[in-house]
Structure formats: structure tokens, C-alpha cells
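A structural walkthrough
Here are the chains, one letter per residue:
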Amino acid sequence: QRHCSIGKQIRSEKMAERNIGKITQIIGAVLDVKFAGGNLPEINEAIDITRSNGEKLVVEVAQHLGDDTVRCIAMGPTDGLVRGMDAVATGAPISVPVGENTLGRIFNVLGEAIDEKPAPTDVEYEPIHRKAPSFEEQATETEMLETGIKVIDLLCPFQKGGKIGLFGG
């Protein structure tokens, strides 16, 4: 709880500065944005771009190119973007809701509910990029994953928490 309020405070302080850059290049879903004065956003930080029709596109910083330019990945279609458009650094990474109230819901990569239900309440927001839990925090007991396919569950059961590939005809 305290960490979230500190993050919001830092985010609001950075938004007061309004770190605004300009789009210099667009190649498909990859954009280059130039920021003045060396105020480059961090890697994995979100940048908001407002299209001419008022829609908002969120892009994520993937690489620092040098010369006050960052390379970004778009989290939506880049149709209608042109060079010279304003790009506002948010000062925070893309965050999604986490917690019990998100179970059974469908969200996009930006944390917006896309299952035609209202946004969940009483949830915390965590960045989409974060460190994996330490080994001590992970469960050590083995559980079997019930796929609902009788042949697989009987002859070749899958273990929960691992990775496995299944080829079908």
C-alpha cells in the first residue's frame, strides 16, 4: 500500500514537469521519440501519445538510442501517427490490476477490462515488468494440471507450473 502511494506521488511529480518528446520515426509498431534536454524516460516506462481524433496510444520504451532518442514499442495500432506528434512520458511503467477481484476477468496489456464488465475495484496495480518471485516464495509441492482431456490426464499428465508443448492434428 505504501509503495503504491509513493509511486503515485513520484508519478504526479514527474507529470508536473511534463516531459514531452516528438516522434521522429515510425516503422510499423516501432517508434523513435526524441526528448529535449537529456530527460530520457527509463527503459520499460510508458509514453502517452494522443492521436488527432483524441484517442490515446500507449507506447513502451524499449531502448535508448543516444542523441536524446528512445526506441519504443506501440501497445496498439500506429495508424494515424505522423512525425512531429507530441509524446508525453508518464514517469511510470505500464501497470495492471492484480488481486482476488481480477480472477476470471479478461484484461488487455494496458490493464483495461475488455470483458464488457466494469473495471475491478479494491485492487492493487503492479507493473507488467517485474522480477520473478524468489525461490523461497515459490511452492515446492508438485501438483498435476487437469486439462479435461481424458487421454492426456491418464497417459501423460502435465505438472503445474512448468512449460510443456502439445501438438494436435
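Look a little higher up for the structure.
Residues numbered from 1 in each chain as written. Predicted model: local features only at pLDDT ≥ 70, side-chain atom pairs only at ≥ 80, totals over all residues. Heavy atoms only, no water.

If you tally the helices and strands in the chain, you get 2 helices and 10 strands. Ordering the α and β elements of the chain from the N terminus gives α-β-β-β-β-β-β-β-β-β-α-β. Taken across its 169 residues, the chain has 26% of its residues classed as buried. At a minimum sequence separation of 6, the contacts of the chain that also span at least 24 residues come to 51%. Taken as a whole, the chain presents about 12,000 Å² of accessible surface, with 53% of it coming from carbon and sulfur. (Helix = DSSP H or I, 4+ residues; strand = E, 2+ residues; numbered from the N terminus. Buried < 20%, exposed > 50% of the residue type's maximum accessible area, 1.4 Å probe, protein only. Contact = heavy atoms within 4.5 Å. Areas by Shrake-Rupley, 256 points an atom, 1.4 Å probe, with all protein chains shown as cover.)

The antiparallel closed barrel is built from 6 strands, whose spatial order is 1-2-5-4-3-6. Direction aside, the axes of adjacent strands within the sheet are offset by 45° on average. Of the strand pairs in this sheet, strand 2 (residues 30-35) and strand 5 (residues 69-74) are connected by 5 bridges, and their pairing is antiparallel. Each residue of the ladder has a partner; that of Lys-34, found in strand 5, is Thr-69. (Pairing = 2+ DSSP bridges. Axes fitted to C-alpha atoms, helices over the stretch in contact; angles between N-to-C directions.)

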